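Per-entry structural report
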Amino acid sequence: CAGNGRISAGSNSGPLGGGRVLVEGGSGDTGGHIVVSSGQGLDESSGSVLVTSASSLAASSGQTQVSTASAVSSSGAVDISTGASEDSHSGFISLATNPGAVTSGNIWVSSGDVVKDGSTSGSLFFGTGSSSQGAGGPVTLSVGHGASGHGGSISVSGGSTSSVASGGSIDVVAGSSSGDGGS
């Protein structure tokens, strides 16, 4: 096993809190990149990259935030993806909150607002990949089971408008087929 490395800031038990660790790329006509990568696995799996906040003994744990900065033109994108696989399954992405004693945490997926007249806000797309030789993957929306209370609800609604234009519509369309179409 190769030796371990560690970069850490100083601790403080007083009200000022612990120190910060700042890693930033250099400035220039094009700013420098920051690459965080795990080691390559020659015979087994490569290493993992874990970004997490520490637990707290008396209050909430810290937040983990991944975002791009604002820009005069288009702001940068945040891309979360798994690697491709040549012989087996590609990796999966899991977005989940952990259980809570009273309520579990929420997951909020939203596109940004726009402020200019006549503009359209961003879209949300949920879809599965196509299959060149097999079946396309399903999309499942389900809510939690209530052991002693109500089960969760699913609400799907079109957007409203304050002008004379039409409100948003909801389209549910089954797939076409050279045989029997979907239902």
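**As for the overall build of the protein chain**
Check the secondary structure of the protein chain and you find zero helices and zero strands. The C-alpha atoms of the protein chain give 23 Å as radius of gyration, which overshoots the globular expectation for 183 residues (16 Å, by more than 25%). Along the longest, intermediate and shortest principal axes, the C-alpha atoms of the protein chain span 60 × 55 × 50 Å. Counting the 183 residues in the protein chain, one finds 0% classified as buried. Of the contacts made within the protein chain by residues no fewer than 6 positions apart, 0% connect residues no fewer than 24 positions apart.

**Thoughts on the layout of surface pockets**
A volume near 2200 Å³ is recorded for the largest pocket. Lining the largest pocket we find 34 residues, and of these Val109, Leu124, Phe125, Phe126 and Leu141 sit closest to its centre. Together, 14 residues line the second largest pocket, and Val36, Ser37, Val49, Leu50 and Val51 are the ones closest to its centre.

Calculation criteria
- Residues numbered from 1 in each chain as written.
- Predicted model: local features only at pLDDT ≥ 70, side-chain atom pairs only at ≥ 80, totals over all residues.
- Heavy atoms only, no water.
- Helix = DSSP H or I, 4+ residues; strand = E, 2+ residues; numbered from the N terminus.
- Rg over C-alpha atoms; globule rule 2.2 N^0.38 Å.
- Buried < 20%, exposed > 50% of the residue type's maximum accessible area, 1.4 Å probe, protein only.
- Contact = heavy atoms within 4.5 Å.
- 1 Å grid on protein atoms, 1.4 Å probe; cavity = no way out; pocket = protein on both sides within 12 Å on 5 of 7 lines; lining within 4 Å.
- Points joined across faces, edges and corners; volume = space filled by probe spheres on them.

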